[in-house]
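Coordinates in review
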Amino acid sequence: MRTVGVSAFASRFFWSISSFVSSYGFRLLSNVVLTRLLDPSVFGVMVVVNAMRLGIEILTDVGIEQNIVRHKDGLTPTFFNTAWTMQIIRGTGLSVLFLALAPLLGRFYAIDYRIFLVVAFAPLLNSLHSTAIFALVKNLEVKKRTLFEFRAELTGFVAAVGFALITPTVWALVFGTLVSIATRSLLSYRLPHPPHKLMLDRGYVGEIIHFGRWIMVSSLVMFAAGNLDRLTLGAIAPLALLGIYGLARTIAEIPALMARRLTYQIIFPMLAAERTKGNDTILSNLGPQRLRLVLAGAVLMGIGAGSGDWAINILYDPRYAQAGWMLSLLLFASWFSILSNLNEGLLMGSGKPAYESGANVLRFAILAAGLWYGYQLAHFVGAIAAIIASELGRYLFVSVGQRRMKLSFIGQDALATIVLVVAAGCWIAGRHALGFGVPWDMMTGSFSR
């Protein structure tokens, strides 16, 4: 890549992947330990609570990070502190709203409302972090961001396991979550940044809201589409089964979240920076790297889809065995999410966030129409089928936007999808021929409540 340098791209890619692996490595290790200390129903409660927490935090999201990354004045003290002040005001308001809703949520989901009351402080704690984190993204300082996130994740891991050893109840996960968020906010002020000062520049406030209006819509719809299954199943499915499903869903989302991190830490800021300089050749330079990335991802996802049950059986005790077949199927949904995340970053970097919003509206519509019906028809099998369909619909919408903007990589995506299907098919056929069955041997038990 001539414009940004192959070595620079490779370095950023390495540190971004390292950050993700360390972050989710800690989360996975914590998850494995906690599932041996806690009952599946505890995780079922947290599936609902965390979904509601994320939903509250998404409200009024105007894309503070994206604004700092894309705006030419993003690192000037006035813009920087205006964004920081808006972030804190928003977090405070959301915590107040969460506190007010806690009793209602407790009654609706038949969950102790005190859990919602305590978790309600999460948006405030999260809003107190320094916007210096976003400055690292703007400057493409992926290594510094990686080391920062590593320290925060390590603290969160120790806190979660420590609380579980003290009190093996849902409160261990509640307090572990809050300590992790608070620690990350505190550590962020050790990053280099201009002096923080509460201020609101009227002009910059208007610009942030103007650019962020589509991000807010996209974030709200993305949350709804990404968590409708958790919120819906939380009301109609047994909490223990919901906890098992939540485990499989969390693991299946890891590859898609990795793609999103690569997109928003490397591709989006890189594209935004080059477009600001008037350089429109970066897409042709990204093509070969992207092709290698999606082909490698397709092979790994195919093998993963054929081995999901093995992974669950190795890592978790028999209480969570049903998560194996769920994971294998959910990875197909995750594949389309990976492609969508990569492609949405290109549209965002070109200043077209509306396509991401539209894609997630379609994703939500498909899921809303199919989730309840699918669960009634075939329980978790039907619910997962609706999730796969919704991710495919999202990808197709984004592809239309790419073609209109002449940013399409549909040929690469089609080739990689074929590779994934072939890899999964060969792997499953091989294990079946050797007498190891197929990943969905336990699926029949899921058709009964």
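Scroll up for the structure.
Okay, so let's go over this structure. (Residues numbered from 1 in each chain as written. Predicted model: local features only at pLDDT ≥ 70, side-chain atom pairs only at ≥ 80, totals over all residues. Heavy atoms only, no water.)

1. Remarks on the environment of Leu 105
With respect to the secondary-structure elements, Leu 105 resides in helix H4 (residues 77-109). Given the relative accessible area of 12%, Leu 105 is considered buried. Not counting residues within four places of it along the chain, the set of residues in contact with Leu 105 comprises Met 52, Phe 98 and Phe 116. (Helix = DSSP H or I, 4+ residues; strand = E, 2+ residues; numbered from the N terminus. Buried < 20%, exposed > 50% of the residue type's maximum accessible area, 1.4 Å probe, protein only. Contact = heavy atoms within 4.5 Å.)

2. Side note on the pattern of salt bridges
Counted under the stated rule, the structure contains 14 salt bridges. Here Glu 149 and Arg 184 are joined by a salt bridge, their closest N and O atoms 2.9 Å apart. Linking Glu 149 in helix H8 (residues 142-166) with Arg 184 in helix H9 (residues 170-188), this pair joins segments that are 35 residues apart in sequence. Here Glu 391 makes a salt bridge to Arg 363, at a shortest N to O gap of 2.9 Å. For the pair shown, Glu 391 and Arg 363 are each scored as buried. (Salt bridge = Lys/Arg side-chain N within 4 Å of Asp/Glu carboxyl O.)

3. Section: the environment of Val 221
Among the secondary structure elements, Val 221 is positioned in helix H10 (residues 202-236). The buried category is assigned to Val 221, whose relative accessible area is 15%. For the pair Val 221 and Leu 362, spaced 141 residues apart in the sequence, the C-alpha separation amounts to 9.2 Å. Setting aside residues no more than four positions away along its own chain, Val 221 makes contact with Ser 357, Asn 360, Val 361 and Phe 364.

4. Points about the side chain of Ser 95
Mapped onto the fold, Ser 95 is located in helix H4. When its relative accessible area of 5% is taken as the criterion, Ser 95 is described as buried. A polar contact is formed between the side chain of Ser 95 and the backbone oxygen of Ala 120, at a distance of 2.8 Å. Excluding residues that lie within four positions of it along the chain, Ser 95 makes contacts with Ala 120, Phe 121, Pro 123 and Leu 124. (Polar contact = N/O pair within 3.5 Å; in protein donor to acceptor, adjacent residues only side chain to side chain.)

5. Examining the packing of helix H11 (residues 239-252) against helix H16 (residues 354-405)
Running from amino to carboxyl end, H11 crosses H16 at an angle of 35 degrees, the nearest separation of the two axes being 13 Å. Pair H11 / H16 crosses with right-handed handedness. Of the residues in H16, those touching H11 at Leu 241, Leu 242, Tyr 245 and Arg 249 are Phe 380, Ile 384 and Ile 387. Taken together, the residues of the contact of H11 with H16 break down into 6 nonpolar, no polar and 1 charged. (Axes fitted to C-alpha atoms, helices over the stretch in contact; angles between N-to-C directions. Left-handed = near helix turned anticlockwise from the far one by under 90°. Nonpolar A, V, L, I, M, F, W, Y, C, P; charged D, E, K, R; others polar.)

6. Thoughts on unusual backbone geometry
Phi is positive for Ala 110, which is not a glycine, with a value near 55 degrees. Mapped onto the secondary structure, Ala 110 falls in the loop between H4 and helix H5 (113-119). We note that His 379 has phi near 55 degrees; this positive angle belongs to a residue other than glycine. Here His 379 is to be found in helix H16.

7. Thoughts on a nonpolar patch on the surface
Residues Val 299, Ile 303, Trp 310, Ile 314, Trp 427, Leu 434 and Phe 436 make up a contiguous nonpolar surface patch of about 690 Å² in total accessible area. For the nonpolar patch, the secondary structure elements donating two or more residues are helix H13 (282-305) and helix H14 (308-315). Along the polypeptide, Ile 314 turns up in helix H14. (Patch = residues over 30% accessible without salt bridge, like charges linked within 9 Å, V, L, I, M, F, W, Y side chains within 5 Å. Areas by Shrake-Rupley, 256 points an atom, 1.4 Å probe, with all protein chains shown as cover.)

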